[in-house]
Amino acid sequence: MSSHSVQRRKTTRSKSKQQQQQKQQQQQNVAETLIENQNASNEQNERLHFRSRSATSVGAVAAAAAPVTCNSPSPQCCNGMLPTTATTMLNCCRDINCHLNTPLALPLRGSVERSRRSESRQSFLASETLKPTTTTASPTPTSASKQPHSRSRSRSCSCDVGNACNIEDPLRQSPDSAAAAAKLTVSLHIDLISWGLFLLAFLTRFYKLATPPHVVFDELHYGKYISHYMRNIFFFDQHPPLGKQLIAGLVSFVGYDGNYTFPRIGATYASNVPVFWLRFVPALCGSLLAPAVYKLLLEAQLRRWAAALGGLLVVLDNALLTQSRFILMESMLLLASTVGIACLLRFQRCSLGSLNWLSSGAAAALFLACAGCVKYVGFLALALAGYLLCRHLWKLLYDATLTNGQLWLHALGRLLLFVGIPLAVYLGVFYIHLRTLHRAGPHDTIMTSAFQASLDGGLASITRGQPLAVVHGSQITLRHTHGRTCWLHSHAAVYPVRYKDQRGSSHQQQVTCYSFKDVNNWWIVKRPERDDLVVGDQPDIIRHGDVIQLVHGITSRALNSHDVAAPMTPQCQEVSCYIDYEIKMEGELLWRVEILNRQTEGDRWHAIKSEIRLIHETTGAALRFSGRQLPSWGFNQHEVVGDRDPMHQDAIWNVEEHRYTKTQDQRERERQLLSAEMIPTKRTKLSFWAKLLELQTKMFWHAKQVQSHMYSSQPHEWPLLDKGIAYWLDDSSSAQIYLLGNLLIWYMASAGLLLYAALLVFYALRRRRLCFDVSASEWRRFLGAGDTFFVGYLMHYLPYFFVDRTLFLHNYLPAFLFKLLLLCYVLDHVDHLLRSHCTGRAVHLVRVYRLALLLWLIAVIAVFIKFLPLSYGSRKMSANEIIELRWKDTWDFILQKNYALQ
């Protein structure tokens, strides 16, 4: 009986064991099936709303993953994850639309969080109890191999909002030992690729840097500006001054006095001009550009070989080499833009408020601001940064783990960093500029009278002791305030009876706007009811709204206007000085004074600072500079008209020179006007903000226009390198410097741009059909490259199609740099596609592709070396050698006899 019961018990136990094994095997099979189905449909779940799985399937997965079987239904995350425990459910999903982030799930998440804190406290107390008795075991090879992966994953989780952060380091040290190790450990990381790229670029940029010892291309302009900095002489340039300030600050330490005048392109530098140090800063920035591009590509998550290729292509491009070796601004602009974008990409992966977040954001804003302060085109990189920041903020709105307050902090932090820092840098650069250039120079005539009067030796030299208030009897010169520098002028000549189009005129005395100082620029202010012109003991001050007459100082004829068409602008009326021909045509001589800036200058008409508009009382027309040039009968001076539309910038005038009339005798007045002595005096005061506002207005709206140039080019000619620029030609040989890029790099970059655009369209259409050709991580990398490099290229290239001025090939270099960066990603992406899809015998395609890249790189090096004589200009070349380098008919190299090749 006992043996039979024992045997039955054994049989029952064996059957139950077999049933349990079969059940576990069945559950494992179901779990594997579910996991395979889930992996196959993960990409589709991105586009579907989220729901819970059935109780049986989820229970099977839970039984396979945990020793305790759960029969209750377990929710599924929106991203396809299956949280098998309450702990993993706490941070299983960051999607704001997930049902686990609804208010009904919040109590469960809170209880799980409390239980996790309790477990952490218990584990900490246990570790404190076992600390004196336990010893740290040496890590196994498996754990040691997993450690770097775990740490890198942890770092990415702390910065990237798209990944869950539940991974812990299995080799975590205790807080005390970690603090002690941090105090006693110094880590030094040297990136040999970065240093190698810098050294290679340094050798190519600094090789014979002082050769040629002549003025090369735009060194003519930038060299003059730097010389003006040395002598504190004001100059006007349409670009911000940071690049010129850096060069001037360096050469000031080597004793350059700024006395060289840079007379013409090709002029030999004087022996006391430090040519090497003048070209040092651009060459150094050009050398740093290669490792900066390498770091930027690494921040864009390219593989190391592709990033190194990008830096090497920067070194091997002849255009970037040539532009970095002379006193030019592009190398500084490109370096600041590249470093700024690299810091921005790092900034976007850091957690809010961390030290890395603050330092990376401040560095990005600083370098991008410096790019804009070198040339205004640098602010396009800042605009690209604004686009990337807005894109990142838009993605953060989908993160359920961020509260509304945290989202506001993200937005405000970016606003303060990327608006406050660039604004402070920009104002600081111009503050240094205006404080340094306090002496008058050849360019100050473009500024207003008030600005000139604030410079040492400027307008103040001819306004010493002049009275401030304009009164009856004041002798004044009226200057056109905004736009072209000229003064209201008249002379004894009269308008022709008939113009070229057979229109008749009034045949009155001509009134023009003259661009030079002249005695015929003087006028006398007169009250209409008074016959004398002398200023008495009690000056009769002219105020806003008063009606006056303006009498020409030399001819004694009054300023007049009437309903007669102007000579060059017939839609406006003629302005003249009235001559009484006794033909019943009375003079209309009354003008009303309107002071435009009376809020700051008051109602009294003041010299220098009061901006006025003269309104003709009879017709209501405003005295205006039309901008048209008169024919030879008007001595090629500029036309002045009466315009019925008074709200015009060219209708604003101001008194520049001013003195009181002391005698009634006309001959004595003329003698005083002709023999007036100009005595230097102290400069007048003008605030920094007023000077800055005026300078910005002139830089944006009245920049000097470059006339058509034989080496100018159009934007559509740049991508395929149809035209270059001749920078310098040796007088005794055909040695020359010609701005020309590496043909293989430029054409390959254009092809890479087109390939990326085609792939973007292809992937977008395929994903619309729920066909996912690349993994989610590669798709994110693809879009990141497009946002940064493709959009950056378009933002730096397309605006030039709407620019109405003379353009050159070097204007394309910022856009070319972004195209080069995009090429590196395209090459990396194609390699990724080949490795992913080529299996079996097709794996040879990967080797063929990489061999082709290597051969192309060798060809790039060969082309770079072949065109080096045109980059350095240090070797005499024969005419045949020049012709052999002319691979395109549009490349207009120059021969010794200074004629372009046909």
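Here, every reference points to the structure presented above.
Notes on the structure follow. Model, not experiment: these values are computed from the prediction. (Residues numbered from 1 in each chain as written. Predicted model: local features only at pLDDT ≥ 70, side-chain atom pairs only at ≥ 80, totals over all residues. Heavy atoms only, no water.)

What follows concerns the side chain of Lys375. With respect to the helices and strands, the residue Lys375 is situated in the loop between α15 (355-374) and α16 (379-396). When residues no more than four places from it in sequence are discounted, the contact partners of Lys375 are Tyr222, His239, Pro240, Met329, Glu330, Leu333 and His810. (Helix = DSSP H or I, 4+ residues; strand = E, 2+ residues; numbered from the N terminus. Contact = heavy atoms within 4.5 Å.)

Moving on, we get to helix α7 (residues 192-206). Taking 1.5 Å of rise per residue, 15 residues should cover 21 Å, and α7 covers 21 Å from first to last C-alpha, within 8% of that figure. Buried within α7 are the following residues: Ser194, Leu197, Phe198, Ala201, Thr204, Arg205 and Phe206. As for α7, its buried residues are in contact with α10 (275-278), α11 (280-299), α12 (304-315), α13 (318-323) and α26 (868-872). One side-chain oxygen at the N-terminal end of α7 lies 3.1 Å from the backbone nitrogen of Ile193; it belongs to Asp191. Two residues or fewer past α7, Lys208 is found with a positive phi of approximately 50 degrees. (Expected span 1.5 Å × (residues − 1). Buried < 20%, exposed > 50% of the residue type's maximum accessible area, 1.4 Å probe, protein only. Polar contact = N/O pair within 3.5 Å; in protein donor to acceptor, adjacent residues only side chain to side chain.)

Viewed as axis vectors pointing N to C, helix α9 (residues 242-253) and α11 meet at an angle of 120 degrees, and their least axial separation amounts to 9 Å. One finds that α9 runs oblique with respect to α11. Of α11, the residues touching α9 (which contributes Leu246, Ile247 and Leu250) are Phe280, Val281 and Pro282. (Axes fitted to C-alpha atoms, helices over the stretch in contact; angles between N-to-C directions. Parallel < 35°, antiparallel > 145°, perpendicular 65-115°, else oblique.)

So, on to the pairing of strand β8 (residues 591-595). Of the two faces of β8, only the one carrying Trp591, Val593 and Ile595 is buried; Arg592 and Glu594 on the other face are not. Sheet analysis places β8 next to strand β9 (residues 612-616), joined by five bridges and oriented antiparallel. Note that in β9 the partner of Glu594 across the bridge is Arg613. (Pairing = 2+ DSSP bridges.)

Moving on to the state of the cysteines. Taken as a whole, this structure holds one disulfide when the rule is applied. Here Cys486 engages in a disulfide with Cys513; their sulfurs sit 2.1 Å apart. An S-S torsion of about 85 degrees defines the bridge between Cys486 and Cys513 as right-handed. One end of the pair, Cys486, is in the loop between β1 (474-480) and β2 (487-494); the other, Cys513, is in strand β3 (residues 509-514), with 27 residues separating them in the sequence. Take Cys486: its relative accessible area is 0%, and that puts it in the buried class. Lacking any disulfide linkage, Cys373 is separated from the closest cysteine sulfur, that of Cys370, by 6.4 Å. The exposure class assigned to Cys373 is buried, which follows from its relative accessible area of 0%. (Disulfide = S-S within 2.5 Å.)

Moving on: a nonpolar patch on the surface. Taken together, the side chains of Leu188, Ile190, Leu192 and Trp195 present a nonpolar region at the surface, about 540 Å² in accessible area. Its location among the elements puts Leu188 in the loop between α6 (175-184) and α7. Taking relative accessible area as the criterion, Leu188 reaches 73% and is therefore assigned exposed. (Patch = residues over 30% accessible without salt bridge, like charges linked within 9 Å, V, L, I, M, F, W, Y side chains within 5 Å. Areas by Shrake-Rupley, 256 points an atom, 1.4 Å probe, with all protein chains shown as cover. Salt bridge = Lys/Arg side-chain N within 4 Å of Asp/Glu carboxyl O.)

What follows is about the packing of aromatic side chains. Tallying each qualifying case throughout the model produces 52 aromatic pairs. Judged by centre distance (5.4 Å) and plane angle (80 degrees), the rings of Tyr229 and Phe235 are edge-to-face. Look at Phe276 and Phe280: their rings are 6.0 Å apart centre to centre, the planes differ by 55 degrees, and that puts the pair in the tilted class. With a relative accessible area of 31%, Phe276 lands in the partly exposed category. Members of the aromatic cluster, each reached through a chain of ring pairs, are Trp718, Trp746, Tyr793, Tyr797, Tyr800, Phe801, Tyr812 and Phe816. Note that Arg659 overlies the ring of Trp522, its terminal NZ or CZ placed 3.9 Å from the centroid. (Phe/Tyr/Trp six-rings, centres within 6.5 Å; stacked < 30°, edge-to-face > 60°. Lys NZ or Arg CZ within 6 Å of the ring centre and 35° of its normal.)

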